[in-house]
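# Residue-level structure breakdown
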Amino acid sequence: MVALVRTVAYLGLEARGVEVQCQVAPGLPRFSIVGLPDKAVSESRERVQAALSAMGLALPPKRITINLSPAALPKDGSHYDLPIALALLCAMGVTDAEQMGDWIAVGELSLDGRVVASPGVLIAALHASTEDCGLICPAEQGSEAKWASGVPVLAPRDLAGLLAHLKGSQTLPEPERGAIAEPPPAPDLKQVKGQETAKRALEIAAAGGHNLLMSGPPGSGKSLLASCLPGILPDLAPAEALEVSMVQSVAGTLEAGRISRARPFRAPHHSASMAALTGGGLKVRPGEVSLAHLGVLFLDELPEFQRPVLDSLRQPLETGKVDVARANEHVTFPARVQLIAAMNPCRCGYAGDPIQNCNRYPRCVGDYQARLSGPLLDRIDCHVEVAAVSAKDLSLPPPAEGSEEVARRVAAARHRANERGVRSNAELGGEMLEAHAAPDEAGRALLMQAAEKLRLSARGYTRMLRVARTVADLAGANEVSRVHIAEALSYRQFVGVR
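Given the structure is predicted, the values throughout are model-derived calculations rather than measurements. In this numbering scheme, every chain counts its residues from 1 along its sequence in written order. Where totals are concerned, whole chains, interfaces and linings use all residues; where local detail is concerned, this predicted model gives features only for residues with pLDDT of at least 70, and gives and counts side-chain atom pairs only at 80 or more. The side-chain quantities take in all heavy atoms of the structure and omit both hydrogens and water.

This paragraph deals with the sheet that holds strand E17 (residues 338-343). Two strands in a sheet stick together by hydrogen bonds in their backbones, pointing the same way (parallel) or opposite ways (antiparallel). In spatial order, the strands read E13-E14-E17-E11-E18; together these 5 strands make up an open sheet with parallel pairing. Strands at the two margins of the open sheet, each flanked by one partner only, are strand E13 (265-266) and strand E18 (382-385). We call two strands paired when DSSP finds no fewer than two bridges between them. Starting at the N terminus, helices and strands are each numbered in turn, a helix being any DSSP run of H or I of at least four residues and a strand any DSSP run of E of at least two. Across 4 bridges, the pairing between strand E11 (residues 212-215) and E17 is parallel. Of the residues in E17, the one forming a bridge with serine 215 is methionine 343.

As structure tokens, this is what we get:
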């Protein structure tokens, strides 16, 4: 007899069905796992054997074979422990094999028989909903699994408790759906003294989901401005929050099943590798650009990142996804992010400063800014200079307008974009861009003149029109006019000192 238990394999944000087949046959005692298991899956033999021993059960002195089907699909991760143990228990006759056909099982086993957390439970629960079956998962992740509507969930703390439930001697309580996490506190724009041009650019970037590059000397407030951005962005829609949580689930960062409506804000250090930023590694996992999906990716000290690492962002910024290709698998992660970057004009940071002049100008400026490729800069919609703030400005009282007022205008502009059928103006393209962002005659004349003078690429032309549409939305205008085109053009030129 062959016992069957269902589980899943994770490929990006996709869960593929896997059948765990267990056969206990006469022969020399042996416990083998086949079906392209990785090291973690192969080691599950020891964890399963120890967990059964903790329950007072011993393996039969026979040949035990575990097959993970389909055999050609690579299997990695510790979540195969629980389905392997259940298949073995069914083959040994400890529990009924037929009732396991209605469940998908995921979870790691500890040596004392506890069922401990493993990444990807939300993905498995959504897969179970499409298969019209229930999910067995660790107790601490039951609240995460309940976000998949209509899926029966068993969340045992240990293997013994699960067996008792399956035999009917006790009943496991139904887990409660996880709570909505409170958004993390963010600085208020009232903390920013001066920098009215930069604050206006930040508002436009937030309203349209546009990429933004801030350049200025050290201490001018670039990082503070970027950290204020989450406070003026609208909350995620329910479907968007679930999409973001799926990325966090497969990355193992979804804590206690709490889903947040706040947009992700990721700020990796400039020493980050390409795999850390775009995803990959020995076991392919989402990178920072995917963990920031539908949120903000903030890259401080932009030229300090390795150039190949920065250039790896060119495709995600254009397509909104990351394709990680390996010899044995091809994985796609979502990466629809808003890039916010900050940089100094040169290595010392004081090029163009009237008081603290750069000692190696202009060579220092050229060498430093040459680390940024033209195609990457072309994908950044708004470029703004953040000048040094004087002590006189710092002594002034806080501005009257803060994040709350700006957030209301941003929300109104986003609502106008939603009525066009897009999440933000940054997603406008093709016929939709022509229909909603075409300027009037005066605006078109200015646009044609600027396009020739600035030698705008086709991408730059499109992105500039999107920014102009956002400027018009913030002004409450239905048509893009010359003044909106003019303001959008003012943010299009790279502001680094040459």
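Back to the text.
Now for helix H6 (residues 159-167). Burial status follows relative accessibility: with a 1.4 Å probe on protein chains alone, a residue under 20% of its type maximum counts as buried, one over 50% as exposed, and anything between as partly exposed. The element H6 is largely enclosed, with a buried count of 7 among its 9 residues. Considered for burial, the residues of H6 that qualify are Leu159, Gly161, Leu162, Leu163, Ala164, His165 and Leu166. At its buried positions, H6 is contacted by helix H2 (44-54), helix H3 (81-92), strand E6 (108-109), strand E7 (115-116), strand E8 (134-136) and strand E9 (153-154). By the criterion applied in these results, polar contacts are pairs of N or O atoms within 3.5 Å in which, for protein atoms, one can donate a hydrogen and the other can accept it, and in which residues neighboring in sequence qualify only through two side-chain atoms. Among the residues of H6, the N-terminal cap falls to aspartate 158, whose side-chain oxygen and the backbone nitrogen of alanine 160 are separated by 3.4 Å. Where H6 ends, the next residue or the one after it, glycine 168, has phi of about 90°, a positive value. Residue contacts are defined here by distance: any two heavy atoms, one from each residue, within 4.5 Å place the two residues in contact.

Now for the confidence of the model for the protein. Per-residue confidence from the predictor is reported as pLDDT, a score between 0 and 100. Per-chain confidence: the protein averages 92 in pLDDT, with 99% of residues scoring 70 or above. For the protein, helix H16 (residues 391-394) is the element with the lowest average pLDDT, namely 79, and strand E14 (residues 296-299) is the one with the highest, namely 98.

On to the pairing of strand E2 (residues 14-25). In terms of strand pairing, strand E1 (residues 2-11) meets E2 through 10 bridges, oriented antiparallel. Its bridge partner lying in E2, alanine 9 is registered against arginine 16. Here E1 hands over to E2 after 2 residues, with glycine 12 in that stretch at a positive phi of 65°.

What follows concerns the packing of helix H4 (residues 121-130) against helix H9 (residues 238-251). Lines are fitted to the C-alpha atoms to define the axes, a helix being fitted only along its stretch in contact, and any angle between axes, read from their N-to-C directions, falls within 0 to 180 degrees. Relative to each other, H4 and H9 sit at 120°, their axes nearing to 7 Å. What the angle tells us is that H4 and H9 run oblique. The residues of H9 that touch H4, namely those facing Val121, Leu122, Ile123 and Leu126, are Leu242, Ser245, Met246, Ser249 and Val250. Only Asp, Glu, Lys and Arg are considered charged, only Ala, Val, Leu, Ile, Met, Phe, Trp, Tyr, Cys and Pro nonpolar, and every remaining residue, Gly among them, polar. By residue class, the composition of the contact of H4 with H9 is 7 nonpolar, 2 polar and no charged. The labels follow the angle: roughly parallel below 35 degrees, roughly antiparallel above 145, roughly perpendicular from 65 to 115, and oblique for the rest.

Right, let's get into the nonpolar core. Grouping buried Ala, Val, Leu, Ile, Met, Phe, Trp, Tyr and Cys residues that are joined through side-chain atoms within 4.5 Å yields what is termed a nonpolar core. Counting 57 residues, the largest nonpolar core has Val106, Leu135, Cys137, Leu297, Leu299 and Leu302 as its most contacted members. Ranked by the residues each element gives to this core, the list is headed by H4, at 6 residues. Ignoring any residue separated from it by four or fewer positions in sequence, one finds leucine 135 in contact with Trp103, Ile104, Val106, Val121, Ala124, Ala125, Ala128, Ala145, Val151, Pro152, Val153 and Leu154. Core analysis: the next-biggest nonpolar cluster, separate from the first, contains 50 residues, Leu225, Cys228, Ile340 and Leu428 among them.

Another point: the side chain of asparagine 425. Structurally, asparagine 425 can be placed in the loop between helix H17 (403-419) and helix H18 (430-437). For asparagine 425, the side chain forms a polar contact with the side chain of aspartate 473, separated by 2.9 Å. Once you skip the residues sitting within four places of it in the chain, asparagine 425 turns out to touch Gly208, His210, Ala417, Arg420, Arg466, Arg469, Thr470 and Asp473.

Put simply, serine 69 and proline 70 share a cis peptide bond, and its omega is 10°. In the Ramachandran plot, glutamine 195 falls in the positive-phi region, its phi being about 55° despite a non-glycine side chain. You can see glutamine 195 is positioned in the loop between strand E10 (180-181) and helix H7 (196-208).

It is the contact of H2 with H3, at a shortest axis distance of 10 Å, that shows an interaxial angle of 55°. Taken together, the axes of H2 and H3 lie oblique to each other. Crossing angle aside, the handedness with which H2 passes H3 is right-handed. Residues Ser44, Arg47, Val48 and Leu52 of H2 touch H3, and the partners they reach there are Asp81, Ile84, Ala85, Leu88 and Leu89. Taken together, the residues of the contact of H2 with H3 sort by class into 6 nonpolar, 1 polar and 2 charged. Here a crossing is called left-handed whenever its near helix is offset anticlockwise from the far helix by less than a right angle, and right-handed whenever the offset is clockwise.

Our focus in this paragraph is the pattern of salt bridges. Any Lys or Arg side-chain nitrogen found within 4 Å of a carboxyl oxygen on Asp or Glu counts as a salt bridge. In this structure the tally under the stated criterion is 28 salt bridges. In this structure, the salt-bridge partner of arginine 258 is glutamate 255, at a minimum N-O distance of 3.8 Å. The network of salt bridges with common partners includes Glu318, Asp378, Arg379, Asp381, Arg459, Arg463 and Arg492.

What follows concerns H17. Over its 17 residues, H17 runs 24 Å from end to end, which matches the ideal 24 Å to within 8%, given 1.5 Å per residue. Ser403, Val406, Val410, Ala413, Arg414 and Ala417 are the residues of H17 that are buried. The arc that holds the buried residues of H17, viewed along the axis, is 100°, so those residues lie on one side. For H17, exposure combined with an orientation more than 90 degrees from the buried face picks out Glu404 and Glu419. Where the residues of H17 are buried, they touch H7, E17 and helix H20 (458-474). Taken from the residues just after H17, glycine 421 is the one with a positive phi, measuring 95°. A helix's residues, less one, multiplied by 1.5 Å, set its expected span. Here the arc refers to the directions that run from the helix axis out to each C-beta atom.

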